[in-house]
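Geometric and topological summary
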Amino acid sequence: MTDEPQGDLIATLDDLVRSVQAMRSLGRRLSVREEKLVALAQARPKPRMRIMEQPPADDLRPQGDHTIAAPASLEAVRAALGDCRRCKLAGGRQHIVFGEGNPKAELMFIGEAPGADEDRQGRPFVGRAGQLLTKMIEAMGKTREDVYIANILKCRPPDNRDPQPDEVEMCEPFLLQQIRVIRPRVIVALGRIAVQTLLKDATPISRLRGRWHLYAGIRLMPTFHPAYLLRNAAGKKPAWEDLQQVMAELGWPLPNKKG
Ligand code: SF4
């Protein structure tokens, strides 16, 4: 849908104004109705120039613009990321942690940023919290290879501090590109920081979790971060309920209760 006047209508209005000017030049007085029509014609909205951002087809630099053509592959996104120095985290990292898993995954897990183990290995969620995430995935009847796992930031913030807005601004577009290649049916956002950052919503995670949201047009379920679950066993039950909702959404069979 557009709010720009159509060409035919503009031509008609222009004709009207020209006719009236001709009539006036011949000394003819206009009726009230004709005067109103002229006023309307002259007050028509000016056609607005539409600025089209059209990056070259092979330009994969994220623009924060979802209308850019999807990159062809995760390898292309990784190549575009390169030896990224777009934010200050580049200086302190050992490895870029790009993400890993099934490039056609139905389900994608997104955390906030790599920690020390991830930075060392260049892989997401490989520390203790990562091991719990692996168990959570297995409880869903899948393996890490079935899903895709990534973070909003691809480099470790110093002392595991929270991501800063300028870092998110630089790095999130690459996550969006990954999502556009993978096209998961569901995203699970892990932990308060990831959830609030992705949803741009400061509501406490205790209120955001357990309900469906949208991110980049994809259904997103927030849940607790595995690192939080390691410290707060009481969170495991609601987290499992969140994952069960995800399984139901994906049509995955609920595993039998242990017996
Ligand atoms: S966090 Fe992202 S934007 Fe910043 S340097 Fe690492 S890869 Fe680049």
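Because the structure is predicted, anything quoted here is derived from the model rather than measured. (Residues numbered from 1 in each chain as written. Predicted model: local features only at pLDDT ≥ 70, side-chain atom pairs only at ≥ 80, totals over all residues.)

1. With respect to the overall build of the protein chain
Counting secondary structure elements, the protein chain contains 10 helices and 6 strands. Here the protein chain holds 259 residues, and 32% of them are scored as buried. Contacts in the protein chain between residues far apart in sequence, at least 24 positions, make up 70% of those at least 6 positions apart. (Helix = DSSP H or I, 4+ residues; strand = E, 2+ residues; numbered from the N terminus. Buried ≥ 20, exposed ≤ 12 C-beta atoms within 10 Å, placed from the backbone. Contact = placed C-beta atoms within 7 Å.)

2. Considering the site of the ligand
Taken together, 14 residues form the shell around the ligand, and within it Cys84, Cys87, Ala90, Cys155 and Cys171 come nearest. Take the shell around the ligand: its biggest share by element is 3 residues, from helix α6 (residues 165–182). Its residues assigned to classes, the shell around the ligand shows 10 nonpolar, no polar and 4 charged. (Near = placed C-beta within 6 Å. Nonpolar A, V, L, I, M, F, W, Y, C, P; charged D, E, K, R; others polar.)

3. Some words on the sheet that holds strand β6 (residues 218–223)
Ordered by their spatial adjacency, 6 strands build an open sheet running β1-β3-β2-β4-β6-β5, and the pairing between neighbours is mixed. A strand with exactly one partner marks an edge of an open sheet, and here the two such strands are β1 (100–101) and β5 (213–215). Sheet topology note: the β1/strand β3 (residues 148–151) ladder contains 2 bridges and is antiparallel. For Gly101, the partnering residue across the bridge sits in β3 and is Tyr148. Sheet strands in contact with helix α10 (residues 236–250) are β2 (107–111), β4 (186–190) and β6, and its direction is about 160° off that of β6. (Pairing = 2+ DSSP bridges. Axes fitted to C-alpha atoms, helices over the stretch in contact; angles between N-to-C directions.)

4. Points about unusual backbone geometry
Backbone geometry follows two general trends: most residues other than glycine have a negative phi, and most peptide bonds adopt the trans configuration. Of note in the backbone geometry, Asp159 takes a positive phi value of approximately 55° without being a glycine. Structurally, Asp159 is set in the loop between β3 and α6. Phi is positive for Asn160, close to 55°, though the residue is something other than glycine. As for its position among the elements, Asn160 is in the loop between β3 and α6. You can call Asn160 partly exposed: it has 13 C-beta atoms within 10 Å.

5. Some details on the packing of helix α3 (residues 74–81) against α6
Where α3 meets α6, the closest approach of the two axes is 9 Å, and the angle between their N-to-C directions is 165°. For the element pair α3 / α6, the angle class is roughly antiparallel. Judged by the twist between their axes, the crossing of α3 over α6 is right-handed. Every residue of α6 that contacts α3 at Leu74, Val77 and Leu81 is listed here: Phe174, Gln177, Gln178 and Val181. Of the residues belonging to the contact of α3 with α6, the class tally is 5 nonpolar, 2 polar and no charged. (Parallel < 35°, antiparallel > 145°, perpendicular 65-115°, else oblique. Left-handed = near helix turned anticlockwise from the far one by under 90°.)

6. Some words on the nonpolar core
Ranked by size, the top nonpolar core spans 49 residues in total, and within it Met108, Phe109, Ile110, Ile152, Val188 and Ala189 carry the most contacts. When residues in this core are grouped by element, the largest group, 7 residues, is from α6. If we skip the residues at most four places from it in the chain, Ile152 touches Ile110, Glu112, Ala113, Pro163, Val168, Cys171, Glu172, Leu175, Ala194, Thr197 and Leu198. (Core = buried A, V, L, I, M, F, W, Y, C linked by C-beta atoms within 7 Å.)

7. Considerations on α6
Here α6 spans 25 Å end to end across 18 residues, near enough to the 26 Å set by a 1.5 Å rise per residue. Taking the largest bend as the criterion, α6 deviates by roughly 35°, centred on Cys171, and proline Pro173 comes between one and four positions later. If you check which residues of α6 are buried, you get Glu167, Val168, Met170, Cys171, Pro173, Phe174, Leu175, Gln177, Gln178, Ile179 and Ile182. On the buried face of α6, the contacting elements are α3, β2, β3, α7 (192–199) and β6. Looking at the residues trailing α6, positive phi occurs at Arg183, about 50°. (Expected span 1.5 Å × (residues − 1). Bend = angle between axes of the 7 residues up to and from the residue.)

8. Regarding the confidence of the model for the protein chain
Of the residues in the protein chain, 72% reach a pLDDT of 70 or more, and the chain-wide mean stands at 82. With pLDDT under 50 throughout, residues 1–15 is counted as low confidence; its partners more than four residues away or in other chains account for 8 contacts. Across residues 40–67, where pLDDT falls below 50, the model places 29 contacts with residues more than four positions away in sequence or in other chains. (pLDDT = per-residue confidence, 0-100.)

9. Digging into α10
Along its 15 residues, α10 runs 21 Å from first to last C-alpha, staying within 8% of the 21 Å computed at 1.5 Å per residue. Buried residues along α10 sit against β2, α5 (128–139), β4, β6 and α9 (226–231).

10. Concerning the environment of Ile182
Inspection of the secondary structure assignment puts Ile182 in helix α6. Here the alpha-carbon distance between Ile182 and Ser73, two residues 109 residues apart in the chain, equals 8.3 Å. When neighbours within four sequence positions are excluded, Ile182 is seen to be in contact with Pro103, Lys104, Ala105, Met108 and Tyr148.

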